[in-house]
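The lines below spell out each chain.
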Amino acid sequence: MLGIGTKNIGIDLGTANTIVYVEGKGIVLREPSVVAKNIKTDDVVAVGQEAREMIGRTPGSIVAIRPLKDGVIADYDTTVAMLKYYIEKVLGKNGGKPFVMVCVPSGVTEVEKRAVIDATRVAGARDAYVIEEPFAAAVGAGLPVMDPTGSMVVDIGGGTTDVATISLGGIVSSRSIRMAGDKMNDAIVSYIRQHKNMLIGERTAEQLKWDVGSASSEAANELGVTDVRGRDLVTGLPKTIEVSAVDVANALQDVVAEIIVAIKETLEETSPEISSDVIDHGIVLTGGGALLKGLPEVIANETKVPVFIANEPLDCVAIGTGESLKSIDVLKK
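Residues numbered from 1 in each chain as written. Predicted model: local features only at pLDDT ≥ 70, side-chain atom pairs only at ≥ 80, totals over all residues. Heavy atoms only, no water.

- The name that an unreviewed UniProt entry assigns to the protein chain is Cell shape-determining protein MreB, with the source organism given as Paucilactobacillus oligofermentans DSM 15707 = LMG 22743.
- Word for word, the UniProt comment on the protein chain under Subunit (unreviewed entry) is "Forms polymers." (UniProt positions renumbered as here; feature names shortened; annotations may be inferred.)

Overview of the overall build of the protein chain
Okay, so step 1: Across its full length, the protein chain carries twelve helices and 18 strands.
Okay, so step 2: Its C-alpha radius of gyration of 20 Å places the protein chain within 12% of the 20 Å reference for a compact globule of 333 residues.
Okay, so step 3: With the C-alpha coordinates aligned to their principal axes, the bounding extent of the protein chain is approximately 65 × 60 × 30 Å.
Okay, so step 4: Taken over 333 residues, the protein chain has a buried fraction of 52%.
Okay, so step 5: Within the protein chain, contacts between residues separated by at least 24 positions form 63% of all contacts whose residues are at least 6 apart in sequence.
Okay, so step 6: Averaging the positions of the 33 positive and the 45 negative side-chain charges in the protein chain gives two centres separated by 7 Å. (Helix = DSSP H or I, 4+ residues; strand = E, 2+ residues; numbered from the N terminus. Rg over C-alpha atoms; globule rule 2.2 N^0.38 Å. Buried < 20%, exposed > 50% of the residue type's maximum accessible area, 1.4 Å probe, protein only. Contact = heavy atoms within 4.5 Å. Lys, Arg positive; Asp, Glu negative; His and termini not counted. Charge placed at Lys NZ, Arg CZ, Asp CG, Glu CD.)

Topic: the side chain of T78
Okay, so step 1: One can find T78 in helix α2 (residues 76–91).
Okay, so step 2: One polar contact links T78 to K37, side chain to side chain, over a distance of 3.4 Å.
Okay, so step 3: Apart from residues no more than four positions distant in its own chain, T78 is found in contact with V35, K37, I65 and P67. (Polar contact = N/O pair within 3.5 Å; in protein donor to acceptor, adjacent residues only side chain to side chain.)

Observations regarding the sheet that holds strand β5 (residues 44–47)
Okay, so step 1: Strand order in the open sheet formed by three strands is β5-β4-β6, and the pairing between neighbours is antiparallel. Two strands bound the open sheet, and with one partner strand each, they are β5 and β6 (62–65). The sheet shows a mean angle of 20 degrees between the axes of neighbouring strands, taken without regard to direction.
Okay, so step 2: In terms of strand pairing, strand β4 (residues 35–38) meets β6 through four bridges, oriented antiparallel. Across the sheet, the residue bridging to A36 is A64, located in β6.
Okay, so step 3: Docked against the sheet, α2 engages β4, β5 and β6, running at close to 60 degrees with respect to β5. (Pairing = 2+ DSSP bridges. Axes fitted to C-alpha atoms, helices over the stretch in contact; angles between N-to-C directions.)

Things to note about helix α3 (residues 110–122)
Okay, so step 1: Under the 1.5 Å per step criterion, the end-to-end length of α3 is 18 Å for 13 residues, consistent within 8% with the ideal 18 Å.
Okay, so step 2: Residues of α3 that are buried in the fold lie against β8 (72–73), α2, β9 (99–104) and β10 (127–132).
Okay, so step 3: Positive phi shows up at G124, right after α3, with a value of about 125 degrees. (Expected span 1.5 Å × (residues − 1).)

As for the sheet that holds strand β1 (residues 9–13)
Backbone hydrogen bonds hold the strands of a sheet together, and the pairing may be parallel or antiparallel.
Okay, so step 1: Here we have five strands laid out as an open sheet, ordered β3-β2-β1-β9-β10, and mixed in their pairing. Strands at the two margins of the open sheet, each flanked by one partner only, are β3 (26–32) and β10. Neighbour to neighbour, the strand axes of the sheet diverge by 20 degrees on average, direction disregarded.
Okay, so step 2: Bridging between β9 and β10 involves six bridges; their strand directions are parallel. Of the residues in β10, the one forming a bridge with C103 is I131.
Okay, so step 3: In the packing of α3 onto the sheet, the strands contacted are β9 and β10, and the crossing angle to β10 comes to about 145 degrees.

As for the pattern of salt bridges
Okay, so step 1: One pass over the structure, following the stated rule, counts 18 salt bridges.
Okay, so step 2: Two residues, K183 and D70, come together in a salt bridge whose shortest N-O distance is 3.9 Å. Of this pair, K183 sits in helix α5 (residues 181–196) while D70 sits in the loop between β7 (68–69) and β8, placing them 113 residues apart in sequence.
Okay, so step 3: According to the relative accessible area criterion, K183 is partly exposed, its value standing at 28%.
Okay, so step 4: You can call D70 buried: its relative accessible area is 16%.
Okay, so step 5: Note that R114 is salt-bridged to D118, the shortest N-O span being 3.7 Å. Here R114 pairs with D118, and both are found in helix α3, just four residues apart, close to one helical turn. (Salt bridge = Lys/Arg side-chain N within 4 Å of Asp/Glu carboxyl O.)

Listed below in structure tokens is the structure:
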């Protein structure tokens, strides 16, 4: 336990990972958003990394659940159990009740927002507030969000890709699409099933994406091939095959195209003044998806705007959520 005493905390409650930021300490915890439960007794068996190791490897009585889907709560009770575990882990059992700032995708409904606030309160927060993901990402990436200049951020997470232009402390235009890291993994699984007659798991697909995944065939040419293990769909037996980076790039093509459409639509809705600021400052990519090889080049090519990856793309949302704790007194009123 990291017993830190009662501090305000910021939580990047992601579909794939949960990152916790403690006031005055920075990021103190980074774990997968996975909970393993015993379905007979309803007890929580493991949370985070330990639970993620169990995905696809559990006996009938235990299920490994990802309680968030597409950036919103899909399983309320499991989300509460996970949040409670993480809050206690960073503050200690007797850490008091913190004020908590949680980030949500920009396209969520009031009902989905309410569910996040309620779950956080039930998990042990004195009170909870929400901040929109692209705004938190822009703050975490160090963009001048409070200035009268336009900034554009694209946050590619596990469940959603959030695109927003921001000026004077608010979101000017935004899009939130359910096309992000998870959909990339699904696309790889289905491509290998169709073209290689082999079934692979979600974790294998994710590993493939990190090892040889890229946003374009040009970038893929330099990445070579890799061995992949799975189950042969014809014989039903385990099998190892070679998969090339070009295969993975082809699998990811549709998801990348959807993300580019969302960026273009957001730009089309933006005023000419903010558009000219975006051309000057470029588009900033955050989130795990920003690390897909060749993605900045593909987006820049399609939009004719310079594209940069933020310094700590995986942590931007959590840092921004944490930074916004400084203005929590305003929210309390």
